[in-house]
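Understanding the architecture of this molecule
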Amino acid sequence: MDKLLIHGGRRLNGDVTISGAKNAALPELCAALLTAEPVTLTNVPRLQDVNTTLKLLRNMGARAERSESQPDQVLIDAGSVTSPEAPYDLVKTMRASILVLGPLLARFGEATVSLPGGCAIGSRPVDQHIKGLQAMGAEITVEHGYIIAKARKLKGVRITTDMVTVTGTENLLMAATLADGETVLENAAQEPEIPDLAEMLIAMGAKIEGHGTSKIRVQGVERLHGLAGPVGHRIVPDRIEAGTFLCAVAATGGDVVLKNACASHLEAVIEKLREAGVAIEAGENHIRVTSDARLKAVSFRTSEYPAFPTDMQAQFMALNCVAEGASRVTETIFENRFMHVNELVRLGARIEVDGHTAMVQGVEQLSGATVMATDLRASASLVIAGLVADGETIVDRIYHLDRGYDQMEAKLRGIGADIERVK
Ligand SMILES: CC(=O)N[C@H]1[C@@H](OP(=O)(O)OP(=O)(O)OC[C@H]2O[C@@H](n3ccc(=O)[nH]c3=O)[C@H](O)[C@@H]2O)O[C@H](CO)[C@@H](O)[C@@H]1O
Ligand SMILES: C=C(OP(=O)(O)O)C(=O)O
């Protein structure tokens, strides 16, 4: 099993290119199921989750391949889908597989999708996806661990989800594009990946308004067309990858330009970094981060976009571990997203958890050790901690990291980190 071997203490300098967003790529690959014509996506990150989605689409009979000549481009042709099914073997490795449910049901009138299990960060039910599709007229049963959904034709309705759900909004949005009449999604998620998905659907012929706000209106159309051409739809930059690099440079010190990064999608994180003493210059298509002195600890609370993202909680906590003073980190989205705490403590951090809150007392220095990654962003926080720790850190179980970061260790090496992948 691959591990990362890190020798801490190097400053980071230079520039690094941010990849396309995992959380936009996954729904957008699934959106290609809404049409029988080919769809091209560009700026597709090289991630295990993308490979899993491509496998899932091929398993249904679609053509889904990465271009050999242009590796950030993927072509999907769902004209040949024969089996609208997502089996447990593929779904269990990636919760976002649930995103095939809406598109399959809307286009084929049926779908059989394995229920995703819980995961390290929480139980993560999909009841809102199911309730929304039922409101649109689908008959849904759950049998033998599978969601079995049928609908001759989905119908447009007003849906108010009980909470803000990102993939729930995406599933219902995709389903609504081919429904009969108007669907209004109230309490919709506003994460930048949703307007990006909506723009792709609009380019395919969908009629959508209000994306990026909490109320999305969709007028169903008879059919969607493909998105051919060399660009097709270009995936928005990954704000969480960018935020992770900002935290890494903030922690180690240095001067780095993130290219292909969108500062306006990271306002809450950038504000907190500035509060900590990090200099950030936000350009049109880049972000420059400069950090010299020891940072000040900063308290924060995760919440739905545009507030501080839960997907940045672990990485920012790593920063607080070596900052001056005490901070309070409150997680409001997932019930169990402090799995990194015990591993950070093994590196010498001082953290106490009480329910949804972690109290972090900054220390002057962390000391390298072997630690275990438990989920995607927990892994990233351990990498950041390893980059500042004294001596050698080994981060084990990095398959979590490979799920959502595009060549993280190569990118970090490119800006001066001493990090390598070992068996
Ligand atoms: C592929 C993708 O985009 N993943 C992101 C997405 O996950 P995901 O879409 O799974 O997260 P949600 O926004 O749905 O979850 C928000 C909260 O709602 C709860 N909930 C959600 C749906 C539902 O039917 N019932 C229910 O109770 C969840 O358990 C959680 O407590 O948004 C999360 C919150 O920003 C991010 O951490 C993930 O990186
Ligand atoms: C929790 C995450 O992803 P997923 O929803 O794919 O598990 C994440 O990206 O941090």
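Residues numbered from 1 in each chain as written. Chains lettered and ligands numbered in written order. Predicted model: local features only at pLDDT ≥ 70, side-chain atom pairs only at ≥ 80, totals over all residues. Heavy atoms only, no water.

Digging into the overall build of the protein
- When helices and strands are tallied, the protein shows 14 helices and 24 strands.
- When the backbone C-alpha atoms are referred to their principal axes, the protein occupies close to 65 × 45 × 40 Å.
- Sorting the 423 residues of the protein into buried and exposed places 57% on the buried side.
- For the protein, restricting intrachain contacts to residue pairs at least 6 apart in sequence, the fraction spanning at least 24 positions comes to 74%.
- Just so you have it, the protein exposes about 16300 Å², and 47% of that area is on carbon and sulfur atoms.
- Within the protein, one finds 43 positive and 53 negative side-chain charges whose respective centroids are separated by 1 Å. (Helix = DSSP H or I, 4+ residues; strand = E, 2+ residues; numbered from the N terminus. Buried < 20%, exposed > 50% of the residue type's maximum accessible area, 1.4 Å probe, protein only. Contact = heavy atoms within 4.5 Å. Areas by Shrake-Rupley, 256 points an atom, 1.4 Å probe, with all protein chains shown as cover. Lys, Arg positive; Asp, Glu negative; His and termini not counted. Charge placed at Lys NZ, Arg CZ, Asp CG, Glu CD.)

Quick look at the side chain of T52
- In this fold, T52 is placed in helix 2 (residues 48-59).
- Discounting residues that sit within four places of it in the chain, T52 has contacts with L90, T93 and M94.

With respect to the nonpolar core
- Counting residues in hydrophobic clusters, the biggest one holds 75 residues, and the most contacted among them are V100, L133, L154, L173 and L201.
- When residues in this core are grouped by element, the largest group, six residues, is from helix 1 (residues 22-31).
- In contact with L173, other than residues within four places in its own chain, are L185, L197, A198, L201, I208, I216 and V218.
- Listed in part, the 73 residues of the second largest apolar core include V289, F308, V388 and I419. (Core = buried A, V, L, I, M, F, W, Y, C linked by side-chain atoms within 4.5 Å.)

A look at the sheet that holds strand 8 (residues 139-143)
- Across the sheet, four strands lie side by side as 6-7-9-8; this open sheet has mixed pairing. Each edge of the open sheet is held by one strand with a lone partner, namely strand 6 (85-86) and strand 8.
- Pairing of strand 7 (residues 110-114) with strand 9 (residues 146-150), which is carried by five bridges, proceeds in the antiparallel orientation. Looking across to strand 9, one finds that T112 is bridged to I148. (Pairing = 2+ DSSP bridges.)

Side note on the site of ligand 2
- Around ligand 2, a shell composed of K22, N23, I121, R124, D311, R337, L376, R377 and R403 is seen.
- In this structure, an oxygen atom belonging to ligand 2 sits 2.7 Å away from a side-chain N or O atom of R377.
- Alone, ligand 2 offers 290 Å² of accessible surface; in the complex the protein occludes 89% of this.
- Residue assignment for the shell around ligand 2 shows that the elements contributing at least two residues are helix 1 and helix 12 (376-388).
- Taken together, the residues of the shell around ligand 2 sort by class into two nonpolar, one polar and six charged. (Near = heavy atom within 4 Å. Polar contact = N/O pair within 3.5 Å; in protein donor to acceptor, adjacent residues only side chain to side chain. Nonpolar A, V, L, I, M, F, W, Y, C, P; charged D, E, K, R; others polar.)

Some points on the UniProt feature "domain: Enolpyruvate transferase" (unreviewed entry) in the protein
- Per the UniProt record, "domain: Enolpyruvate transferase" (unreviewed entry) is found at residues 7-412.
- With 32% helix and 23% strand, residues 7-412 has its two end C-alpha atoms placed 12 Å apart. (UniProt positions renumbered as here; feature names shortened; annotations may be inferred.)

With respect to the UniProt feature "active site" (unreviewed entry) in the protein
- As annotated in UniProt, the feature "active site" (unreviewed entry) corresponds to C119 in the numbering used here.
- Relative to the elements of secondary structure, C119 occurs in the loop between strand 7 and helix 5 (127-135).
- The exposure class assigned to C119 is partly exposed, which follows from its relative accessible area of 31%.

Comments concerning helix 9 (residues 267-276)
- Along helix 9, the residues that are buried comprise A268, V269, I270, K272, L273 and A276.
- Those residues of helix 9 that are buried are in contact with helix 8 (239-252), strand 16 (279-282), strand 17 (286-291), strand 18 (300-301) and helix 10 (313-321).
- Two residues or fewer past helix 9, G277 is found with a positive phi of approximately 110°.

As for the pattern of salt bridges
- Taken as a whole, this structure holds 22 salt bridges when the rule is applied.
- For K215, the salt bridge goes to E186, with nearest N and O atoms at 3.9 Å. Separated by 29 residues along the polypeptide, K215 in strand 13 (residues 215-219) and E186 in strand 11 (residues 182-186) bring together distant segments of the chain.
- Here E364 ties to R294 by a salt bridge, and the two come within 4.0 Å at their closest N and O atoms. Of the two residues, E364 sits in the loop between strand 21 (357-361) and strand 22 (370-372) while R294 sits in the loop between strand 17 and strand 18, which places them 70 residues apart along the sequence.
- Judged by relative accessible area, R294 falls into the partly exposed class, the value being 35%.
- A single salt-bridge network, built from bridges that share partners, covers D2, D402, E409, R421 and K423. (Salt bridge = Lys/Arg side-chain N within 4 Å of Asp/Glu carboxyl O.)

Re the pairing of strand 13
- Side chains I216 and V218 project from strand 13 onto a buried face, and the interleaved K215, R217 and Q219 project onto a face without burial.
- Bridge count for strand 11 against strand 13 is five bridges, and the pairing is antiparallel. What sits directly across from L185, in strand 13, is I216.
- Of the strand pairs in this sheet, strand 12 (residues 207-209) and strand 13 are connected by three bridges, and their pairing is antiparallel. The residue of strand 13 that forms the bridge with E209 is R217.
- Where strand 12 folds back on strand 13, the antiparallel hairpin that results is connected by five residues, among which G210 adopts a positive phi of roughly 85°.

Observations regarding the packing of helix 10 against helix 12
- Two numbers describe how helix 10 lies on helix 12: the axes approach to 7 Å, and their chain directions differ by 25°. Considering their axes alone, helix 10 and helix 12 lie roughly parallel with respect to each other. For the crossing formed where helix 10 meets helix 12, the hand is right-handed. Seen from helix 10, the contacting residues are A314, Q315 and A318; seen from helix 12, they are R377, A378, A380, S381, I384 and A385. (Axes fitted to C-alpha atoms, helices over the stretch in contact; angles between N-to-C directions. Parallel < 35°, antiparallel > 145°, perpendicular 65-115°, else oblique. Left-handed = near helix turned anticlockwise from the far one by under 90°.)

What about the packing of aromatic side chains?
- Inspection of the entire model under this criterion finds three aromatic pairs.
- Taken together, the aromatic side chains of F300, F308 and F316 make up a single cluster linked through ring pairs. (Phe/Tyr/Trp six-rings, centres within 6.5 Å; stacked < 30°, edge-to-face > 60°.)

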